[in-house]
Amino acid sequence: TEGTWAARVGLQPEDYILKANGEEVDENTSEERFHQLLKERPLHLYIDPVDETPAAAPAPAQPAAPSASPPAGLGSDPNCREVVAEKGVDNLGMKTGRAENGWFEVKTVTEGTWAA
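It should be emphasised that the depicted structure is a prediction, and the values quoted were computed from it without experimental measurement. (Residues numbered from 1 in each chain as written. Predicted model: local features only at pLDDT ≥ 70, side-chain atom pairs only at ≥ 80, totals over all residues. Heavy atoms only, no water.)

Some remarks on the overall build of the protein
Right, so step 1: A count of helices and strands for the protein gives two helices and six strands.
Right, so step 2: Starting at the N terminus, the α and β elements of the protein follow one another as α-β-β-α-β-β-β-β.
Right, so step 3: Residues counted as buried form 33% of the 116 residues belonging to the protein.
Right, so step 4: Considering only residue pairs separated by 6 or more positions, the protein has 77% of its internal contacts joining residues 24 or more positions apart. (Helix = DSSP H or I, 4+ residues; strand = E, 2+ residues; numbered from the N terminus. Buried < 20%, exposed > 50% of the residue type's maximum accessible area, 1.4 Å probe, protein only. Contact = heavy atoms within 4.5 Å.)

Following this line, the structure appears as structure tokens:
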């Protein structure tokens, strides 16, 4: 199979990772906990993809909620989807980190290498 897992499932830099194995991962989730979740197999990630459409008018400002609910619009994209890394996927082929809003996002996706 060509390409890394992340490339095969269509992940892109700046895609938000909203949940890992049913657990919401947000600004309150520690880096340590997030990386523990990424090691689990099967791994179910709920993704809010980067918006590749032209910028629309900004949404009206909403007061910050005390809960860890996603920022306005996050998770509301009809293209949100779940991707699954099954047992046997050793390397996800992506680097992750925190976005400016504190949520986790895909930073880079490795396209893959040639197998001998």
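There is more to say after this.
Some remarks on the packing of aromatic side chains
Right, so step 1: Tallied over the full model, the rule gives one aromatic pair.
Right, so step 2: Ring centres of Phe 34 and Phe 104 lie 3.8 Å apart, and the angle between their planes is 10°; on these two criteria the pair is classed as stacked. Of this pair, Phe 34 sits in helix H2 (residues 31-39) while Phe 104 sits in strand E6 (residues 104-109); the two residues are 70 residues apart in sequence, bridging distant segments of the chain. With respect to burial, Phe 34 and Phe 104 carry one shared label: buried. (Phe/Tyr/Trp six-rings, centres within 6.5 Å; stacked < 30°, edge-to-face > 60°.)

Details of the side chain of Glu 105
Right, so step 1: Structurally, Glu 105 can be placed in strand E6.
Right, so step 2: For Glu 105, a relative accessible area of 10% translates into the label buried.
Right, so step 3: A distance of 2.7 Å separates polar atoms of two side chains, one belonging to Glu 105 and the other to Lys 107. (Polar contact = N/O pair within 3.5 Å; in protein donor to acceptor, adjacent residues only side chain to side chain.)

Some words on the pairing of strand E5 (residues 94-98)
Right, so step 1: One ladder, built from five bridges, connects E5 with E6; its direction is antiparallel. Each residue of the ladder has a partner; that of Met 94, found in E6, is Val 109.
Right, so step 2: As consecutive antiparallel partners, E5 and E6 are separated by five residues, and within that stretch Gly 102 has a phi angle of approximately 95°, a positive value. (Pairing = 2+ DSSP bridges.)

Some words on the nonpolar core
Right, so step 1: Trp 5, Leu 11, Ile 17, Leu 45, Leu 92 and Met 94 are the most contacted members of the largest nonpolar core, which has 20 residues in total.
Right, so step 2: At the level of secondary structure, the elements contributing two or more residues to this core comprise helix H1 (5-8), strand E1 (16-20), H2, strand E3 (43-48), strand E4 (81-85) and E6.
Right, so step 3: Residues contacting Trp 5, with those up to four places away along its chain left out, are Leu 11, Leu 45, Val 83, Val 84, Ala 85, Val 89, Asn 91, Leu 92 and Met 94. (Core = buried A, V, L, I, M, F, W, Y, C linked by side-chain atoms within 4.5 Å.)

Digging into H2
Right, so step 1: Burial in H2 covers these residues: Phe 34, Leu 37 and Leu 38. For H2, the buried positions fall inside an angular range of 100° around the axis, keeping them on one side. With respect to the buried face of H2, the exposed residues turned more than 90 degrees away are Glu 32 and Lys 39. (Arc of directions from axis to C-beta.)

Here we look at the confidence of the model for the protein
Right, so step 1: Predicted confidence across the protein gives a mean pLDDT of 83, with 77% of residues reaching 70 or more.
Right, so step 2: With pLDDT under 50 throughout, residues 53-67 is counted as low confidence; its partners more than four residues away or in other chains account for one contact. (pLDDT = per-residue confidence, 0-100.)

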